[in-house]
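The chain contents come next:
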Amino acid sequence: MRVKNLFTMFSLVLIMTFTATSAFAKWNFGLGTGLTMLAVEGDIGINTILAGPVTLPVELDAEDVSDLMASAFGFGGYATDGTWMINYSFGMMELEGDAADGAITASLDYKTTGAELTVGYPIYKSSPVSFSLLGGLRYTKHELSTRVSNGITTLNNNKDNNWTDVVFGATADVELHKDWTWSTRADAGFGGSEGTYVANTGVTWRFLENWSGTLFAKYAAVEFENGSRGDSNWYFYDVDEKSLGLTILYHW
């Protein structure tokens, strides 16, 4: 089934969920943003003009990513009627790097964009623990641009790849105290990628009636391949992404 059809079907499910429940329940919402430290390790493969298909090992710790970061932006939120939980997020990051060896100069520009929409439903509740199942869609886009020049000739190479996965997973929430909650989520995505596996856990503190903060850790294993090695549009991404961050949400 094509991604467009999947997105249309999922949108219809959301509309029916809102329509069926809005007349009987009050909806609450949250929206926020935060700071994240990211480290990546794995392999990236591209087809180059001069050397053909090349696979490059990548190992960047949080300090390396921070040094290369040109810009980053993201936000996320939720809507719930007390039973159904709709979560969404969007994020962008751009890394830039330059190098020189005599008359030869090289520059790299790498942009990633991600968006996710999921719907969760509780399957077990018994204070202080609850478990939910979730399903949804995750969109990812990578834009890679390189420029190499010897002062006379300049070679540019631009790659643009995007994919959408269908996501299935589960969450577990434990109420540690009146204003403290420990939440853990694990999910798997398939369809556009060869397989994407994500796990995160975090502790949330509701420090004011309408405000909360969450300290979290996240791990994602992503594998995507466009075309086959040797194709002009070949792109390979097999990377583990590890992050630690803090988010602040406003609730109403």
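Up top is the structure.
Position labels on residues start from 1 in each chain and follow its written sequence. With pLDDT at 70 or above as the cut-off, local features in this predicted model cover only qualifying residues; side-chain atom pairs require 80 or more to be listed or tallied, and sums for whole chains, interfaces and linings still use all residues. Water and hydrogen atoms were dropped before computing side-chain values, which therefore reflect all heavy atoms in the structure.

Q: I'd like to hear about the overall build of the protein chain, residue by residue, with values.
A: Along its length, the protein chain carries two helices and eleven strands. Listed N to C, the secondary structure of the protein chain is α-β-β-α-β-β-β-β-β-β-β-β-β in terms of helices and strands. Exposure is judged per residue with a 1.4 Å probe applied to protein chains only, and the accessible area is read against the type maximum: over 50% gives exposed, under 20% gives buried, and values in between give partly exposed. Per-residue burial over the protein chain gives 33% buried out of 252 residues. Contacts in the protein chain between residues at least 24 apart in sequence constitute 56% of all its contacts with a sequence separation of at least 6. On the protein chain, roughly 14,800 Å² of surface is accessible, and the fraction owed to carbon and sulfur atoms is 61%. Strands are runs of DSSP state E lasting at least two residues, helices are runs of H or I lasting at least four, and both sets are numbered from the N terminus onward. By definition in these notes, contact holds between two residues if any of their heavy atoms fall within 4.5 Å. Only the protein chains shown count as cover for residues, and the accessible areas themselves come from Shrake-Rupley with a 1.4 Å probe.

Q: Can you explain a negative patch on the surface? Please cite residues and give values.
A: Like-charged residues within 9 Å of one another, or nonpolar side chains (Val, Leu, Ile, Met, Phe, Trp, Tyr) within 5 Å, are grouped into patches, provided each residue has over 30% relative accessible area and no salt bridge. Here, a salt bridge means any Lys or Arg side-chain nitrogen found within 4 Å of an Asp or Glu carboxyl oxygen. Under this rule, positive means Lys or Arg and negative means Asp or Glu; His and the chain ends count for nothing. To locate a charge, the coordinates of NZ of Lys, CZ of Arg, CG of Asp or CD of Glu are taken. Residues Glu 41, Glu 59, Asp 61, Glu 63 and Asp 67 make up a contiguous surface patch of negative charge. Position of Glu 63 among the secondary structure elements: in helix H2 (residues 62–68).

Q: Run through the packing of aromatic side chains, naming residues and quoting values.
A: Stacked, tilted and edge-to-face are the three classes assigned to paired rings of Phe, Tyr and Trp, where Trp is represented by its six-membered ring and a pair needs centres within 6.5 Å; plane angles under 30 degrees give stacked, over 60 edge-to-face, the rest tilted. Scanning all chains against the criterion turns up 13 aromatic pairs. Every member of this aromatic cluster is reached through a ring pair, and the members are Phe 29, Trp 211, Tyr 250 and Trp 252.

Q: Could you give an account of the nonpolar core, naming the residues involved and the relevant values?
A: Inside soluble globular proteins, nonpolar side chains tend to come together where they are buried. Counting 18 residues, the largest nonpolar core has Ile 44, Tyr 110, Tyr 235 and Tyr 237 as its most contacted members. Of all the secondary structure elements, the ones that give two or more residues to this core are strand E1 (28–48), strand E4 (85–101), strand E10 (211–226) and strand E11 (235–251). Residue contributions to this core peak at four residues, all from E1. Sequence-distant contacts of Tyr 235, that is, excluding residues within four places in its chain, are made with Ile 44, Gly 45, Ile 46, Tyr 110, His 142, Asn 161, Phe 224, Glu 225 and Asn 226. Side-chain atoms within 4.5 Å link the members of a nonpolar core, which is a set of buried Ala, Val, Leu, Ile, Met, Phe, Trp, Tyr and Cys residues.

Q: Could you give an account of the pattern of salt bridges, naming the residues involved and the relevant values?
A: Any two side chains of opposite charge can pair if their charged atoms end up close together. Summed over the entire model, instances satisfying the criterion amount to five salt bridges. The closest approach of N and O atoms between Lys 141 and Asp 160, which form a salt bridge, is 3.9 Å. Pair noted here: Lys 141 is in strand E6 (residues 129–149) and Asp 160 is in strand E7 (residues 154–177), with a separation of 19 residues, a long-range link. Overall, the relative accessible area of 46% leaves Asp 160 in the partly exposed class.

Q: Break down the side chain of Thr 171 for me, with residues and values.
A: By secondary structure assignment, the location of Thr 171 is in strand E7. When near neighbours in sequence (up to four residues on either side) are disregarded, Thr 171 contacts Ser 130, Phe 131, Ser 132, Leu 134, Thr 184 and Arg 185.

Q: Can you break down the environment of Asp 240 residue by residue, with the values?
A: Inspection of the secondary structure assignment puts Asp 240 in strand E11. A C-alpha to C-alpha distance of 4.5 Å links Asp 240 and Ala 221, two positions 19 residues apart in sequence. Leave out the neighbours within four places in its chain, and Asp 240 touches Ala 39, Val 40, Glu 41, Tyr 219, Ala 220 and Ala 221. Under the rule applied, a polar contact is a pair of N or O atoms within 3.5 Å (in protein, one hydrogen donor and one hydrogen acceptor; residues adjacent in sequence only if both atoms are side-chain atoms). Of the polar contacts made by the side chain of Asp 240, one reaches the side chain of Tyr 219; its length is 3.3 Å.

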